[in-house]
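Here is how the chains run, residue by residue.
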Amino acid sequence: MSTGVLTFGLNHHSAPVDVRERVSMAGDLVLPALHGLRSTFGNAVEEATILSTCNRTEIYCAADQSVAEDIPAWLADFNSLKDDELRPYIYQLDHDNAVRHAFRVASGLDSMVLGEAQILGQMKTAVRTADKAGTLGSTLHQLFQRTFSVAKEVRSNTAIGAQSVSFSAAAVRLSERIFGDLKNSDVLFIGAGEMIELCAAHFAGANPRSITVANRTPERGQLVASRFGGKTMKLAEMPEHLHEFDVVVSCTASTLPILGLGMVQKLSRKRRSKPVVMVDLAVPRDIEPEVEKLDNIYLYTVDDLGRYVQMGQDSRQQAVGQAEAIIDARVLNFMQWLESRRLVVPMIQELNSSAESLRQTELAKARRLLARGEDPDEVLEYLARSLTQKYLHAPMSRLNRSEGAVRRDLLEVVPLLFPFESKH
């Protein structure tokens, strides 16, 4: 089999949010997905990691090229989709292109928000999950360790992070477009995950009149609310109080919308046409898309925010160019490591196999001597001497027979392969 690094996926460049949400995997789905991938393809997929965020779902694997055509079909089937529904949106990368993609993703160059740092933590979580699933081997382990190192180098040596405009900041600015100063606005956050925390921090900086967090787990909601002097409510209480808020930001792990058209229509009537900004940061979406058709309801999805934060892209190109140069150099380094490993690993395996065969042969002879009643000390002496002589026979014989440049090369290599004890 010809094994290489392969990447399959879809992201905000290749697929709209209504497609991405159908293949998005919440944290508890990634582990069974990895097991399913391994069980379907067996040894043809030696290693695998799945990264799933609101903007992308990607499979990184060390796999045989022969399965490349089948993995997109597997991804569709796992998400109860037909192959032709998903395949037009899937990209496939291999070898150095797959490695470069991983480096660019971790560095924030492939994000909706150029230079955003959250993706790096999401990749680290994906790698830990793969390790837990037993699908992280030496190739992907090395790939992702280098990926994290490259991301750190890019952030340390370029201004890419300084150029980022976050979704959270965009949500605040879009809300200010509707309400102007937010000091007289009441803000509701639905969910209490990392994205909500980031968003709450940005809104708190705009000094709204009140902040409230609604979450299924009250303790987690209280933890987030307390950081910003906010209040909490049970998620079940949210529908009857929804009309009290001017800005609603939602990001949960729900697989179905939690704010439906009917609920928002009721909210609109109660507010007597006062405007509401709704920000849906979840994938799959928390708010039914039909809501955007309602008068005085301003609904923004992750794709809307992404288009907003891309404004001013030209001013970031210098940092991007510097980052790409770093990535190109590191891709070359990784591919050289991969090639050397392709050559060295089989030789190491052959050395181990040969040494093990020799060990078993000599051990069998020693056991026969012991069975005949030979003195154990003499048998041990025989075993040690025999193993030593046979391990050293080939290099010593080669040294004795060599001449000229070959001998000089061997004289340099042998001390590296067989370090001599110091005679001091």
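This one's a predicted model, so the numbers in the text were calculated from it and none came from an experiment. (Residues numbered from 1 in each chain as written. Predicted model: local features only at pLDDT ≥ 70, side-chain atom pairs only at ≥ 80, totals over all residues. Heavy atoms only, no water.)

Chemist: It is not clear to me how the state of the cysteines should be interpreted in this structure. Could you clarify?
Modeler: What makes a disulfide is a covalent bond joining the sulfur atoms belonging to two cysteines. According to the stated counting rule, one finds zero disulfides in the structure shown. A disulfide-free cysteine, Cys251 has its sulfur positioned 6.9 Å from the sulfur of Cys54, the nearest such atom. (Disulfide = S-S within 2.5 Å.)

Chemist: Explain helix H15 (residues 376–401) here, please?
Modeler: Residues three or four positions apart in an α-helix share a direction because the helix packs 3.6 residues into each turn. Spanning 26 residues, H15 covers 37 Å between terminal C-alpha atoms, matching the ideal 38 Å at 1.5 Å per step. The largest bend in H15 is about 45°, located at His393, with the proline Pro395 one to four residues further on. Those residues of H15 lying buried are Val379, Leu383, Ser386, Leu387 and Ser397. Where the residues of H15 are buried, they touch helix H14 (317–371). Taking the backbone nitrogen of Asp377 as reference, a side-chain oxygen 3.0 Å away marks Asp375 as the first, capping residue of H15. (Helix = DSSP H or I, 4+ residues; strand = E, 2+ residues; numbered from the N terminus. Expected span 1.5 Å × (residues − 1). Bend = angle between axes of the 7 residues up to and from the residue. Buried < 20%, exposed > 50% of the residue type's maximum accessible area, 1.4 Å probe, protein only. Contact = heavy atoms within 4.5 Å. Polar contact = N/O pair within 3.5 Å; in protein donor to acceptor, adjacent residues only side chain to side chain.)

Chemist: Is there a simple way to explain the domain arrangement of the protein chain in this structure?
Modeler: By the assigned domains, the protein chain splits into domain 1 (3–164 + 315–340), domain 2 (167–310) and domain 3 (375–417). Computed over C-alpha atoms, the centres of domain 1 and domain 3 are 47 Å apart. (Domains from an automatic or database assignment.)

Chemist: Please explain the environment of Ser185 as it appears in this structure.
Modeler: Position of Ser185 relative to the elements: it lies in the loop between helix H8 (167–179) and strand S5 (186–190). Ser185 sits 23 residues away from Pro208 along the chain, and the two C-alpha atoms are 5.3 Å apart. Setting aside anything within four residues of it in sequence, one finds Ser185 in contact with Phe179, Pro208, Arg209, Ser210 and Asp246.

Chemist: I would appreciate a short explanation of the pairing of strand S1 (residues 3–11) in the present structure.
Modeler: Side chains on a regular strand alternate between the two faces of the sheet. Within S1, eight of the nine residues are buried, which leaves it mostly tucked inside the rest of the structure. Summarising the sheet, S1 and strand S3 (residues 56–64) pair through nine bridges and their orientation is antiparallel. Counted as the bridge partner of Gly4 is Ala63 from S3. Here S1 pairs with strand S4 (residues 91–94) via four bridges, running antiparallel. If you follow Gly9 over to S4, its bridge partner there is Tyr91. (Pairing = 2+ DSSP bridges.)

Chemist: Can you help me understand helix H7 (residues 138–157) in this one?
Modeler: The end-to-end C-alpha distance of H7 is 28 Å, a good match for the 28 Å that 20 residues give at a rise of 1.5 Å each. Turning to H7, its buried residues are Thr139, Leu140, Leu143, Phe144, Thr147, Phe148, Val150, Ala151 and Val154. Along the axis of H7, the buried positions cluster into a sector of 160°, meaning they face one direction only. Opposite the buried face of H7, at more than 90 degrees from it, the exposed residues are Lys152, Ser156 and Asn157. Buried residues belonging to H7 abut S1, strand S2 (45–52), S3, helix H5 (96–106), helix H6 (118–133) and H14. (Arc of directions from axis to C-beta.)

Chemist: Honestly, the side chain of Asn215 in this entry has me stumped. Any pointers?
Modeler: With respect to the helices and strands, the residue Asn215 is situated in strand S6 (residues 210–215). At 3.4 Å, the side chain of Asn215 forms a polar contact with the backbone nitrogen of Ala192. Within the local environment of Asn215, its side chain forms a polar contact with the backbone oxygen of Thr217, the two atoms lying 3.0 Å apart. Sequence-distant contacts of Asn215, that is, excluding residues within four places in its chain, are made with Gly191, Ala192, Arg220, Gly221, Met233, Lys234 and Leu235.

Chemist: Would you take a moment to explain a negative patch on the surface for this structure?
Modeler: Residues Glu374, Asp375, Asp377 and Glu378 make up a contiguous surface patch of negative charge. Structurally, Glu374 is set in the loop between H14 and H15. (Patch = residues over 30% accessible without salt bridge, like charges linked within 9 Å, V, L, I, M, F, W, Y side chains within 5 Å. Areas by Shrake-Rupley, 256 points an atom, 1.4 Å probe, with all protein chains shown as cover. Salt bridge = Lys/Arg side-chain N within 4 Å of Asp/Glu carboxyl O. Lys, Arg positive; Asp, Glu negative; His and termini not counted. Charge placed at Lys NZ, Arg CZ, Asp CG, Glu CD.)

Chemist: Can you walk me through the UniProt feature "binding site: NADP(+)" (unreviewed entry) in the protein chain in this structure?
Modeler: The sites that UniProt annotates as "binding site: NADP(+)" (unreviewed entry) are Gly191, Ala192, Gly193, Glu194, Met195 and Ile196. As for its placement among the helices and strands, Gly193 is situated in the loop between S5 and helix H9 (194–205). For Gly193, a relative accessible area of 31% gives the class partly exposed. If you trace the backbone, Glu194 turns up in helix H9. (UniProt positions renumbered as here; feature names shortened; annotations may be inferred.)

Chemist: I would appreciate a short explanation of the packing of aromatic side chains in the present structure.
Modeler: A complete count under the given rule lists five aromatic pairs for this structure. Here the aromatic rings of Phe189 and Phe203 are separated by 5.7 Å at their centres, their planes lie at 75°, and the arrangement is edge-to-face. Of this pair, Phe189 sits in strand S5 while Phe203 sits in helix H9, and the two are 14 residues apart along the sequence. Taking relative accessible area as the criterion, Phe203 reaches 0% and is therefore assigned buried. Within the aromatic cluster, the residues linked to one another by ring pairs are Tyr60, Phe144 and Phe148. Its end group placed over the ring of Phe148, Lys124 keeps NZ or CZ at 5.5 Å from the ring centre. (Phe/Tyr/Trp six-rings, centres within 6.5 Å; stacked < 30°, edge-to-face > 60°. Lys NZ or Arg CZ within 6 Å of the ring centre and 35° of its normal.)

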